[in-house]
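Summary of the model geometry
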Amino acid sequence: MADSFSKREKEKKKAQKKKEKAARKEARQNDEKGSTLDDMIAYVDADGNIVDTPPDEQDKKEEINAEDIVIGIPPKEESDGPDIYEGMVTFFNDEKGYGFIKDKNGRDSYFVHINNCSFDIKEGNKVSFEVEKGDKGLVAVRVSMAQ
C-alpha cells in the first residue's frame, strides 16, 4: 500500500508542476503583448546607473580633450642624471662571475655581472649602482663601493 500512496503523490506533484508551468507561460505571453519597444529600452545615466528615462543632454556633460588622454604607460620624465641605487650583495659566485644585489629598501633584487663592477665584489659588500634593462629583466651596472 505504501507504493500506491507514493505513486499517487508523485502523480499529484507532476500535475501541479504542469499547471504551474502553464500558468507561467500564459502570464509571460500576456506580458509580452502589452510591452512595446520603448518599455524594453533601458538607459545608463552619467553615474552608470540603469534608468528607464533617457538622460538629459545638458546634465553633467564634461568636455574632454582627446589629446589629454594617455593610452598605455605615461612617458618617463627626464631627470638631470642617472638614478643611483644603494644596496648590498646578497649572493656572488666567483667562479661564474655573477650574483645578486638587494636594493637598500629591500624590495628588489638585481642581477649583477663581474664585467659591470669596478672592484672585486664579495657577498655582504655595500654598493651603489645604476639599473638598466637587460635581456631577462633589470640589471645592475656601473657597480661601485658605497661611500
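One numbering rule holds for all chains: residues counted from 1, following each sequence as written. Local features in this predicted model are restricted to residues of pLDDT 70 or higher, and side-chain atom pairs are both shown and tallied only at a pLDDT of 80 or more, whereas totals for entire chains, interfaces and linings draw on every residue. Side-chain figures throughout are based on the complete set of non-hydrogen atoms in the structure, without hydrogens or water.

A look at the pattern of salt bridges
Just to be clear on terms, a salt bridge is a Lys or Arg side-chain nitrogen sitting within 4 Å of an Asp or Glu carboxyl oxygen. Counting across every chain of the model gives three salt bridges. In this structure, Lys 104 and Glu 86 form a salt bridge, with 3.7 Å as the shortest nitrogen-oxygen distance. On the criterion of sequence distance, the pair formed by Lys 104 in the loop between strand E4 (98-103) and strand E5 (109-113) and Glu 86 in strand E3 (residues 85-93) is long-range, its members being 18 residues apart. Per-residue accessibility, obtained with a 1.4 Å probe over protein chains only, is compared with the maximum for each type, and a residue is labelled buried under 20%, exposed over 50%, and partly exposed between these values. Note on Lys 104: relative accessible area 63%, which makes it exposed. The salt bridge partner of Arg 142 is Glu 130, with a shortest N-O separation of 2.9 Å. Of this pair, Arg 142 sits in strand E7 (residues 138-145) while Glu 130 sits in strand E6 (residues 126-133), and the two are 12 residues apart along the sequence. The network of salt bridges with shared partners includes Glu 130, Glu 132 and Arg 142. Numbering goes from the N terminus for both helices and strands, where a helix is a DSSP run of H or I of at least four residues and a strand is a run of E of at least two.

Thoughts on the pairing of E3
With four bridges connecting them, E3 and E6 associate as antiparallel partners. Within E6, the position partnered with Met 88 by the bridge is Lys 126. When DSSP finds two or more bridges between two strands, those strands count as paired. Inspection of the sheet shows E3 paired to E4 by six bridges, in the antiparallel sense. Considered in E4, the bridge of Val 89 is made with Ile 101. What sits between E3 and E4 in their antiparallel hairpin is a turn of four residues, with Gly 97 showing a positive phi close to 80°.

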